[in-house]
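Geometric and topological summary
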Amino acid sequence: MKIFLDTANIQEIKRAVELGLIDGVTTNPSLLSKEGKEPVSQLREIVRLVKGPISAEVVSMDADGMVKEAVPLAKLGKNIVIKVPMCEQGLIAVRRLAGRGIRTNVTLVFSSSQALLAAKAGASYVSPFVGRIDDISGDGMEIVGEIAAIFNNYLFRTEIIVASIRHPLHFVQSAVIGAHIATVPFSVLEKLMKHPLTDRGIDAFSKDWEKLKRSLKK
Ligand code: G3P
């Protein structure tokens, strides 16, 4: 499973790149707004740091506007993927962009029917938002499982990006289902590395080593 970082924060991206675990980045208007900087220069900086796919979202409400926004965004780098909201106009834009060879990530997907339509429209990626489904007492991972089965039934090449991941269990469940990608906030990436028994083990090894060194000095 590929791991994308769900952030527009340069420090987080630099740390993840150093770890060598990051296959791509997903941004959205809220994440860019959180950084408070000019969004295009922020995206340029991300393109400089990351080789894999970087999602940049359009904010227009109509297909013409989405395509108009997407074209210059796609020119920021060969790895830019245009994030398009799941809606009627979004699906029209996805088909037009696919025709121009511009890859898209259909975002704000909350059902398997939406994912199927996005794949048929020619989306390169679909992003089911598991955390937000769970927030309203749904089962986000169940939807991901359905999408995976549907894409498998019809051999769609559209990749599933599990998004709105809130905790390590979402990440593990994504991998068990066989989702292509999980996009994780940096805080979740940190948690994935940790285990209390690992910390306890490192501490015990270190104490025993010091004990040995002290006894050898005597
Ligand atoms: O890529 C955007 C998505 O991951 C949103 O996450 O936590 O705002 O639901 P969240």
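Here's a quick rundown of the structure. (Residues numbered from 1 in each chain as written. Predicted model: local features only at pLDDT ≥ 70, side-chain atom pairs only at ≥ 80, totals over all residues. Heavy atoms only, no water.)

**Side note on a negative patch on the surface**
- Taken together, the side chains of Asp134, Asp139, Glu142 and Glu146 present a region of like negative charge at the surface.
- For Glu146, the location among the structural elements is in helix H8 (residues 140-153).
- Among the residues examined, Glu146 registers a relative accessible area of 34% and is labelled partly exposed. (Patch = residues over 30% accessible without salt bridge, like charges linked within 9 Å, V, L, I, M, F, W, Y side chains within 5 Å. Areas by Shrake-Rupley, 256 points an atom, 1.4 Å probe, with all protein chains shown as cover. Salt bridge = Lys/Arg side-chain N within 4 Å of Asp/Glu carboxyl O. Lys, Arg positive; Asp, Glu negative; His and termini not counted. Charge placed at Lys NZ, Arg CZ, Asp CG, Glu CD. Helix = DSSP H or I, 4+ residues; strand = E, 2+ residues; numbered from the N terminus. Buried < 20%, exposed > 50% of the residue type's maximum accessible area, 1.4 Å probe, protein only.)

**Structural notes on the nonpolar core**
- Formed by 61 residues in total, the largest nonpolar core has its most connected members in Leu5, Ile46, Ile82, Ile147, Phe151, Ile160 and Val184.
- Setting aside residues no more than four positions away along its own chain, Ile82 makes contact with Ala56, Val58, Ala70, Leu73, Ala74, Leu97, Ile102, Arg103, Thr104 and Asn105.
- Membership of the second largest hydrophobic core comes to five residues, among which are Phe4, Val81, Ile161 and Ile181. (Core = buried A, V, L, I, M, F, W, Y, C linked by side-chain atoms within 4.5 Å. Contact = heavy atoms within 4.5 Å.)

**Re the packing of aromatic side chains**
- If you walk through the whole model with that rule in mind, you get four aromatic pairs.
- On the basis of an interplanar angle of 65° and a centroid distance of 6.5 Å, the ring pair of Phe4 and Tyr125 is categorised as edge-to-face. Of this pair, Phe4 sits in strand E1 (residues 2-6) while Tyr125 sits in strand E6 (residues 125-128), and the two are 121 residues apart along the sequence.
- Here Phe4 falls in the buried class, since its relative accessible area comes to 2%.
- Pairing Phe110 with Phe129 gives two aromatic rings, centres 5.7 Å apart and planes at 70°, and the pair type is edge-to-face. Here Phe110 is found in the loop between strand E5 (104-109) and helix H6 (112-121), whereas its partner Phe129 is found in the loop between E6 and helix H7 (130-135), with 19 residues between them in sequence.
- By way of ring pairs, the aromatic residues Phe151, Tyr154 and Phe156 are connected into one cluster. (Phe/Tyr/Trp six-rings, centres within 6.5 Å; stacked < 30°, edge-to-face > 60°.)

**Looking at the site of the ligand**
- Inspection of the region around the ligand gives Asp6, Asn28, Lys83, Phe129, Arg132, Ala163, Ser164 and Arg166 as its neighbouring residues.
- At a separation of 2.8 Å, an oxygen atom of the ligand approaches a polar side-chain atom of Arg166.
- When the ligand is considered free in solution it has 310 Å² of accessible area, and contact with the protein chains removes 81% of it.
- A molecule is said to occupy a pocket when more than half its atoms come within 2 Å of that pocket's grid points, and by this definition the ligand occupies the largest pocket.
- Among the residues forming the shell around the ligand, the class breakdown is two nonpolar, two polar and four charged. (Near = heavy atom within 4 Å. Polar contact = N/O pair within 3.5 Å; in protein donor to acceptor, adjacent residues only side chain to side chain. 1 Å grid on protein atoms, 1.4 Å probe; cavity = no way out; pocket = protein on both sides within 12 Å on 5 of 7 lines; lining within 4 Å. Sits in = over half its atoms within 2 Å of the grid points. Nonpolar A, V, L, I, M, F, W, Y, C, P; charged D, E, K, R; others polar.)

**Digging into the side chain of Asp6**
- Topologically, Asp6 is positioned in strand E1.
- Lys83 provides the closest opposite charge to the buried, unpaired Asp6, separated from it by 4.9 Å.
- Beyond its immediate chain neighbours, meaning those up to four positions away, Asp6 contacts Thr26, Leu31, Thr183, Val184 and Pro185.

**Remarks on the layout of surface pockets**
- In this model, the largest pocket occupies a volume close to 330 Å³.
- For the lining of the largest pocket, the element with the most residues is helix H2 (residues 29-35), which contributes four residues.
- Here the residues of the lining of the largest pocket sort into seven nonpolar, five polar and seven charged.
- Reported here for the second largest pocket is a volume of approximately 150 Å³.
- Contributing to the lining of the second largest pocket are Pro29, Leu32, Pro39, Val40, Leu43, Ala56, Glu57, Val59, Glu69 and Leu73.
- Listing elements by their share of the lining of the second largest pocket, those giving two or more residues are H2, helix H3 (39-49), strand E3 (54-57) and helix H4 (63-74).
- The greatest single-element share of the lining of the second largest pocket, amounting to three residues, is contributed by H3.
- Counted by class, the lining of the second largest pocket contains eight nonpolar, no polar and two charged residues. (Points joined across faces, edges and corners; volume = space filled by probe spheres on them.)

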